[in-house]
Amino acid sequence: MLPFLILVSTEALLFFKACIPRGLRQSQSIGFIRISGKSSNQPVMAVFYRSALVNSSLARAFKICHLPGCCPEASGWTLSVRKRISFKPFFIVRLSKSCERRIPFMEKFDVLIAGGGVTGAAIAWQLARLDLKVALLEKEEDISEGTTKANSGIVHAGYDAMPGTLKARLNVRGNEMIHEMADVLNFDFNNTGSLVICFDEEHRPALEELYQRGLSNHVPGLRIVEKEELHEMEPELSDQAVCALYAPTAGVVDPFTLAISMAENAADNGVEFFFNTPVETIEKTETGWLVNGEFETKLFVNAAGLEADDLHNMVCEEKIHIRPRRGEYFLFDKDAGKMASHVLFQQPTAAGKGVLITPTAHGNLMIGPTADFTETKEDINTTAEGLAQVREKASMTIDHLPFNQVITSFAGLRAVPEGGDFIIGENADDFIDAAGIESPGLTSAPAIGEMVAEIIISKLHPGPNENYKPERRGFVNVNDLSREEWKALIEQDPAYGQMVCRCEKVTEGSIKDACSRSIPARSLDGVKRRVRAGMGRCQSGFCSPRTMEIISETLNIPFDEVTKSTKGSKIITGRNKEDIQ
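Residues numbered from 1 in each chain as written. Predicted model: local features only at pLDDT ≥ 70, side-chain atom pairs only at ≥ 80, totals over all residues. Heavy atoms only, no water.

K.L.:
Help me get a handle on the overall build of the chain, residues and values and all.
P.N.:
Counting its secondary structure elements, the chain contains 14 helices and 29 strands. When the 581 residues of the chain are sorted by exposure, 56% land in the buried category. (Helix = DSSP H or I, 4+ residues; strand = E, 2+ residues; numbered from the N terminus. Buried < 20%, exposed > 50% of the residue type's maximum accessible area, 1.4 Å probe, protein only.)

K.L.:
Outline the nonpolar core, supporting the account with residue identities and numerical values.
P.N.:
Membership of the largest hydrophobic core comes to 57 residues, with the highest contact counts inside it found for Ile113, Leu127 and Phe273. The leading source of residues in this core is helix α10 (residues 441-460), at nine residues. Excluding its chain neighbours within four sequence positions, the residues that come into contact with leucine 127 are Val111, Ile113, Leu132, Val134, Ala453 and Ile456. Core analysis: the next-biggest nonpolar cluster, separate from the first, contains 26 residues, Phe199, Met233, Ile357 and Phe403 among them. (Core = buried A, V, L, I, M, F, W, Y, C linked by side-chain atoms within 4.5 Å. Contact = heavy atoms within 4.5 Å.)

K.L.:
Please give an account of the pattern of salt bridges that cites residues and values.
P.N.:
The full count for this structure, using the stated rule, is 37 salt bridges. The salt bridge involving glutamate 264 is made with arginine 472; its shortest N-O contact spans 3.0 Å. Residue glutamate 264 is located in helix α7 (residues 255-268), and its partner arginine 472 is located in the loop between α10 and α11 (483-492); the two are separated by 208 residues in the primary sequence. Residues glutamate 264 and arginine 472 agree in their burial class; the two are buried. (Salt bridge = Lys/Arg side-chain N within 4 Å of Asp/Glu carboxyl O.)

K.L.:
I'd like a description of unusual backbone geometry, backed by residues and values.
P.N.:
In this structure, proline 369 follows glycine 368 across a cis peptide bond, with omega equal to -5°. Within the fold, proline 369 resides in the loop between β23 (365-368) and β24 (372-373). With omega at 10°, the peptide bond leading from serine 439 into proline 440 counts as cis. Residue position: proline 440 is located in the loop between β27 (431-435) and α10. Residue glutamine 539 is not a glycine yet carries a positive backbone phi of 50°.

K.L.:
Explain the packing of helix α4 (residues 166-185) against α7 to me, using residue names and the numbers behind them.
P.N.:
Across the interface, α4 lies against α7 with an axial gap of 11 Å and an inter-helix angle of 65°. Crossing of α4 over α7 shows left-handed handedness. On the side of α4, the interface is formed by Ile178, Met181 and Leu185, while α7 contributes Leu258, Ser261, Met262 and Asn265. A breakdown of the residues in the contact of α4 with α7 according to their chemical character gives five nonpolar, two polar and no charged. (Axes fitted to C-alpha atoms, helices over the stretch in contact; angles between N-to-C directions. Left-handed = near helix turned anticlockwise from the far one by under 90°. Nonpolar A, V, L, I, M, F, W, Y, C, P; charged D, E, K, R; others polar.)

K.L.:
Describe the pairing of strand β26 (residues 423-428), listing the residues and the values that go with them.
P.N.:
Where β26 and β27 come together, five bridges link them in antiparallel fashion. Note on β27: the bridge partner recorded for isoleucine 424 is alanine 434. Connecting β26 to the antiparallel partner β27 that follows it, the hairpin turn spans two residues, and aspartate 430 within it adopts a positive phi of roughly 65°. (Pairing = 2+ DSSP bridges.)

K.L.:
Now, about the confidence of the model for the chain: what can you tell me, with residues and values included?
P.N.:
With 81% of its residues at a pLDDT of at least 70, the chain reaches an overall mean of 84. Here residues 1-105 is modelled with pLDDT under 50, and outside its nearest four sequence neighbours on either side it reaches 200 contacts, counting other chains as well. (pLDDT = per-residue confidence, 0-100.)

K.L.:
Tell me about the pairing of strand β9 (residues 134-137), residues and numbers included.
P.N.:
Taking every second residue as pointing to the same face, both faces of β9 are buried, with Val134 and Leu136 on one and Ala135 and Leu137 on the other. Following the chain from strand β8 (residues 107-114) across helix α3 (residues 118-127) to the adjacent parallel β9, one finds a crossover that is right-handed. When β9 meets strand β16 (residues 272-274), the two strands line up parallel, connected through three bridges. Note on β16: the bridge partner recorded for alanine 135 is glutamate 272. (Right-handed = clockwise from strand over helix to strand, strands pointing away.)

K.L.:
Explain the environment of glycine 153 residue by residue, including any values.
P.N.:
Structurally, glycine 153 can be placed in the loop between β9 and β10 (154-155). Looking at glycine 153, the relative accessible area reads 2%, which means it is buried. Put simply, glycine 153 and leucine 258 are 105 residues apart on the chain and 9.5 Å apart in space, counted from C-alpha to C-alpha. Setting aside residues no more than four positions away along its own chain, glycine 153 makes contact with Gly251, Val252, Val253, Pro255 and Leu442.

K.L.:
Tell me about the sheet that holds strand β15 (residues 251-253), and please be specific about residues and values.
P.N.:
If you trace the three strands from one edge of the open sheet to the other, you get β10-β15-β11, paired in antiparallel fashion. In this open sheet, the two edge strands, each paired with only one partner strand, are β10 and β11 (189-190). Examined bridge by bridge, β10 and β15 share two bridges and lie antiparallel to one another. Bridge pairing links valine 155 to glycine 251 in β15.

K.L.:
Account for the packing of aromatic side chains, naming residues and giving values.
P.N.:
Following the criterion strictly, the structure yields nine aromatic pairs and no others. When the centroid spacing of 6.0 Å and the interplanar angle of 70° are considered together, the rings of tryptophan 289 and phenylalanine 431 count as edge-to-face. Linking tryptophan 289 in strand β18 (residues 289-291) with phenylalanine 431 in strand β27, this pair joins segments that are 142 residues apart in sequence. On the basis of relative accessible area, tryptophan 289 is assigned to the buried category, the value being 5%. Residue classification places phenylalanine 431 among the buried positions, given a relative accessible area of 0%. Linked through ring pairs, Phe109, Phe274 and Phe295 together constitute an aromatic cluster. Positioned above the aromatic ring of phenylalanine 475, the side-chain terminus of arginine 517 is 4.1 Å from the ring centre. Over the face of the ring belonging to phenylalanine 256 we find arginine 529, whose NZ or CZ atom lies 5.9 Å from the ring centre. (Phe/Tyr/Trp six-rings, centres within 6.5 Å; stacked < 30°, edge-to-face > 60°. Lys NZ or Arg CZ within 6 Å of the ring centre and 35° of its normal.)

Here is the structure:
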């Protein structure tokens with residue numbers, strides 16, 4: 001449906017404001033702009049179908065509705081936008097001169113998913129195959145803004161989880177699915193294999209036990225490799241390494257593009273996404289649930305990551321508790337990327353689980369994480385103590401790591417459930433949990449989506465989506481093109497000949513594409529996670545101004561409204577020399 005503006009008088013504007021739930025006002029989902037006339041300033045309210053960004057240039061595309069008796073004739077008036085405003089559908093109001101009548105407009109869905117991380121994206125992706133009306137609510141402005149964005153990116157083989165647990169079953173199935181999905185959804189995945197390294201012959205029995213556990217979990221291809229073969233496989237390894245458990249099905253994935261590719265494919269197939277929309281209220285109805293007073297749904301899926309216990313405990317008699325656990329990492333330049341060709345785990349011992357060393361899906365080297373419980377669900381700061389611990393432990397695996405080539409450090413939080421296993425199932429009528437998804441949650445995500453979809457199918461019995469399109473077009477990476485292919489692409493679209501990010505060789509064409517998809521990048525980090533502009537050696541020190549210009553131009557938002565990531569992260573705080581003519 002075409003977005004539209006409703007012009008209202010001051011009296012009607014007060015009525016509108018009174019009708020808006022407090023939570024919506026606080027989340028800035030609803031905003032007000034003004035129409036400026038010759039003799040007075042008349043307010044205007046905008047109600048938009050689907051997410052939209054409004055500014056004066058974009059307003060020309062909107063159908064402007066003049067409601068009789070509510071405001072003067074609009075001809076000759078100009079639209080003046082005071083701030084960037086994002087909108088979502090919530091209700092339609094029918095106005096009379098006295099503004100006495102309100103007609104609620106509820107968005108009605110078959111399934112409503114809370115949480116836009118890799119788990120929520122996987123569930124949306126699976127449900128997009130079905131003839132269902134599905135929506136996903138995400139409290140931040142983009143996909144993968146929580147746990148998913150600070151993840152090791154490891155596709156685990158499945159030998160670590162205890163046999164019989166959801167973790168064990170879904171890990172192995174998720175690993176299998178990721179191998180199949182990578183070419184269809186066009187995300188970055190390398191089947192590197194992994195090694196769990198034993199540094200002392202005394203610990204060999206425990207390694208054998210891990211091998212047997214993997215066999216019980218039906219992990220294919222597992223075997224123990226001895227010292228000579230191990231050092232042939234990984235020449236940079238410490239001489240202390242005596243043997244290792246080799247898992248050929250393990251690998252590395254870009255966690256951002258895994259989540260974004262599933263979400264984008266879901267959106268392309270009809271799933272609706274509402275960003276900047278936290279779940280604040282859940283009320284039981286005769287037909288399902290009413291969420292935030294504006295979304296009606298038959299089934300509610302809780303995939304809210306670190307906040308999943310909060311949503312669960314709103315409606316379920318049996319309470320759960322999720323603890324945040326922080327992990328800190330170092331990321332090295334690509335020059336160090338060839339120091340490891342497999343994911344290198346340290347064998348867990350009584351002294352701890354150790355840290356990993358891994359190549360990334362894009363050719364960097366990464367080490368970490370720590371594993372420290374925190375008091376809050378927002379504590380993602382790195383610490384001197386934590387990074388020193390990572391450095392010390394990683395040096396046991398490779399004792400000559402080039403720490404002068406570290407380009408950044410970061411931390412992320414894991415959602416650790418009290419019981420130790422994933423919490424997946426219908427734990428209240430029409431309320432389905434996908435909670436406590438800690439490691440190996442990234443690997444398991446596609447299988448979690450499959451499992452949740454099976455629960456929903458058993459309840460709603462939907463048919464297939466006859467218009468489902470399984471494939472997603474990937475972003476162009478000019479590093480993967482031959483000179484002739486790149487030249488042909490530039491002839492088709494000259495923007496692919498304009499280099500913006502020199503470190504990663506990202507062009508203007510790729511950035512514009514990232515900002516033009518069904519789920520567009522809206523910030524510097526949104527662009528970085530999709531096409532890697534700013535992900536290289538200089539960490540966006542060179543390319544960010546031009547990237548901001550492209551975001552501004554493509555999304556039709558003011559340059560100084562472009563953010564680094566979420567609301568409150570503006571980069572431009574003011575303009576100098578404004579008064580100079």
